[in-house]
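Spelled out, the chains give:
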Amino acid sequence: MQVNLRVLAGPYKDRVFSFTQSDTFLIGRTDDSHLCLPEDKFFSRHHCLLEVSPPRCLLRDLGSTNGTFVNGQRVNEAFLKSGDRIQGGETVLLVEVSASDASLDGNPAESFRQPALVTVECLNCGRREQAAASAPDEHLTFLCEDCRIELKQTPQPIPGYDTIRILGRGGMGSVMLARDQKTGRAVAIKTLLPEFAVSDKAMRRFMREIDVAAALRHSNIVEFLDRGVNNGVVYLVTEFVDGPDAAKLADARGGQLPLQEGMAVVTQALAALSYAHSQGYIHRDIKDQNLLVSGSWPNLTTKLTDFGLAKSFAQSGMSGVTMAGEMAGTLAYMPPEQLKNFRDVQPQSDIYAVGMTAYSLLSGDLALTLNRKTSMAETIKAIFEQPAIPLRQRVPHLPPQVCEIVDRALAKDPSERWQSAAAMRTALLHAL
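Residues numbered from 1 in each chain as written. Predicted model: local features only at pLDDT ≥ 70, side-chain atom pairs only at ≥ 80, totals over all residues. Heavy atoms only, no water.

A. Structural view of the overall build of the chain. When helices and strands are counted, the chain shows 13 helices and 22 strands. Looking at the chain residue by residue over its 432 residues, the buried ones come to 55%. Considering only intrachain contacts with a sequence separation of at least 6, the fraction spanning at least 24 residues in the chain is 56%. Here the chain has roughly 18,500 Å² of accessible surface; of this, 47% comes from carbon and sulfur atoms. Within the chain, one finds 45 positive and 49 negative side-chain charges whose respective centroids are separated by 1 Å. (Helix = DSSP H or I, 4+ residues; strand = E, 2+ residues; numbered from the N terminus. Buried < 20%, exposed > 50% of the residue type's maximum accessible area, 1.4 Å probe, protein only. Contact = heavy atoms within 4.5 Å. Areas by Shrake-Rupley, 256 points an atom, 1.4 Å probe, with all protein chains shown as cover. Lys, Arg positive; Asp, Glu negative; His and termini not counted. Charge placed at Lys NZ, Arg CZ, Asp CG, Glu CD.)

Now the structure itself:
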């Protein structure tokens, strides 16, 4: 499947932007926008952001002064369909959804083909619905919305494993403590519930990406053991870490961790990242909840989990738009360049997220001025435009050198951050 944005009017007239995988598209006056319109004063610096996951496309106005219009109506947020027109100032874009899977170097106009509408059947209850497909005979894996909600609350048993209890629930599914029937080993099973009908090709791609990430072996990375699909539900089996995540650990300490304990958690996470980056892997979703901590200070062990899962889940089309599901709850940890270019990020993007995590664990607060009522659009705009509040301003008693190290990780410009996880880890160890 493919989404095209065809420029009908304005400075970029006749240009076509094509998307065959999940990505983001920023429109505004800043020179780092994908559609940069510096001379058109109608547009704000960061005007609107499109999240594309073919065949779906979501537009969010980022609090622009003059607004974003779809089919003549001003919108704050809108799911777009083929034929919709986006307008701002002199610029008009036409949304086209195609069944074709042409490369970005191909000619979208020549390869355009309307998606087929096929009947899909829920693998859990048998309910039938219609979904867009690349071809009339394409096979799609589908779970209806009611079953997704039910399976998130009450996950089905996974063959070969005895379920002990549910450890948690998130945007993508549930996490269970289970026992391997063959070995008796305690394991954690994460179930992933596709939000939309998923093609066999996309499911195979997701499994390949999971297998690649599973090759990572490090004492501070949760060990991957098994994966599979059961009645449409994807499951991942990993070692069970007997302890809380770093967010819950901080809550148990009154909302923030003591300096030495917090730095032990962060430096071990950086050790895991240093190894992963050396192997060519980017995590993309580092946050307090993805750091699992066993033992107690001073003999605690931190393990990083969900390596590359956010990207793989989105790229397969299982999560709809790119900032859906679990990612929406941790958007504030994401660096500006990851919002602008979801697919192609560098190790410095993980450094930013580690900085946000360290900031949260040590201060009990975020580095940006956000609260529970802040909308997603306002959060995105803050990530682009709002400077991070210096850590020492939040926690005056922390050593200045530690604060400077964390603050540097939160620079908007990736070139101004620590250039490697190893460098940031060494700096923190020397500061303690």
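B. Representation of the packing of helix H12 (residues 400–409) against helix H13 (residues 421–431). Interhelical geometry of H12 versus H13 gives an angle of 165° and a closest axis separation of 9 Å. Accordingly, the angle class assigned to the pair H12 and H13 is roughly antiparallel. Seen from above, H12 lies across H13 with left-handed handedness. Judged by residue contacts, Gln-401, Val-402, Ile-405 and Ala-409 of H12 engage Met-424, Ala-427, Leu-428 and Ala-431 from H13. (Axes fitted to C-alpha atoms, helices over the stretch in contact; angles between N-to-C directions. Parallel < 35°, antiparallel > 145°, perpendicular 65-115°, else oblique. Left-handed = near helix turned anticlockwise from the far one by under 90°.)

C. Representation of the sheet that holds strand S8 (residues 73–75) within the structure. An order of S2-S1-S11-S10-S7-S8 is seen for the six strands of this open sheet, with the pairing classed as antiparallel. With one partner strand each, in any of the chains shown, strand S2 (16–19) and S8 form the two edges of the open sheet. In this sheet, adjacent strand axes meet at a mean angle of 30° when their direction is disregarded. By the bridge criterion, four bridges tie strand S10 (residues 85–88) to strand S11 (residues 91–98) in an arrangement that is antiparallel. In the strand pairing of S11, Arg-85 is matched with Leu-94. (Pairing = 2+ DSSP bridges.)

D. Geometry of the state of the cysteines. Enumeration according to the criterion identifies zero disulfides in this entry. Cysteine Cys-57 shares no disulfide, and the gap to the nearest cysteine sulfur, in Cys-48, comes to 10 Å. (Disulfide = S-S within 2.5 Å.)

E. Main features of the pattern of salt bridges. Applying the stated rule across the entire model yields 19 salt bridges. Put simply, Arg-127 and Glu-129 hold a salt bridge, and the shortest N to O gap is 3.1 Å. Judged by its relative accessible area of 38%, Arg-127 falls in the partly exposed class. The partly exposed category is assigned to Glu-129, whose relative accessible area is 27%. (Salt bridge = Lys/Arg side-chain N within 4 Å of Asp/Glu carboxyl O.)

F. Fine view of the sheet that holds strand S6 (residues 56–61). Sheet architecture is open: five strands sit in the order S4-S3-S5-S6-S9, paired in mixed fashion. On the outer flanks of this sheet lie strand S4 (35–36) and strand S9 (77–79), each paired with one strand and no other. Examined bridge by bridge, strand S3 (residues 23–28) and strand S5 (residues 48–53) share five bridges and lie antiparallel to one another. Counterpart to Phe-25 in the pairing with S5 is Leu-50.

G. Looking closely at unusual backbone geometry. With an omega of 10°, the peptide bond between Pro-54 and Pro-55 qualifies as cis. Along the chain, the position of Pro-55 falls in the loop between S5 and S6. Pro-298 follows Trp-297 through a cis peptide bond whose omega is 10°. Position of Pro-298 among the secondary structure elements: in the loop between strand S21 (291–294) and strand S22 (301–304). At Asp-14, a residue that is not glycine, the phi angle is positive and equals roughly 80°. Mapped onto the fold, Asp-14 is located in the loop between strand S1 (2–9) and S2. Asp-14 sits in the exposed class, given a relative accessible area of 60%. At Arg-284, a position not held by glycine, the phi torsion is positive, near 80°.

H. Region of the structure containing the nonpolar core. Judged by nonpolar contacts, the single largest core of 64 residues is most densely connected at Val-265, Val-266, Phe-307, Ile-380, Leu-391, Met-424 and Leu-428. Counting only elements with at least two residues in this core, the list comes to helix H4 (246–252), helix H5 (259–278), S21, helix H9 (347–363), helix H10 (376–385), H12 and H13. (Core = buried A, V, L, I, M, F, W, Y, C linked by side-chain atoms within 4.5 Å.)

I. Examining H13 more closely. The set of residues buried in H13 consists of Ala-421, Met-424, Ala-427, Leu-428 and Ala-431. Looking down the long axis of H13, one finds its buried residues gathered within 130° of arc, a one-sided arrangement. Turning to H13, the residues buried within the fold contact H5, H9 and H12. (Arc of directions from axis to C-beta.)

J. Fine view of helix H3 (residues 200–213). Between the first and last C-alpha of H3 there are 20 Å, a value that for 14 residues agrees with the 20 Å anticipated at 1.5 Å per step. For H3, every residue scored as buried is listed here: Ala-202, Met-203, Phe-206, Met-207, Ile-210 and Ala-213. Looking down the long axis of H3, one finds its buried residues gathered within 135° of arc, a one-sided arrangement. Among the exposed residues of H3, those oriented more than 90 degrees off its buried face are Lys-201 and Arg-208. (Expected span 1.5 Å × (residues − 1).)

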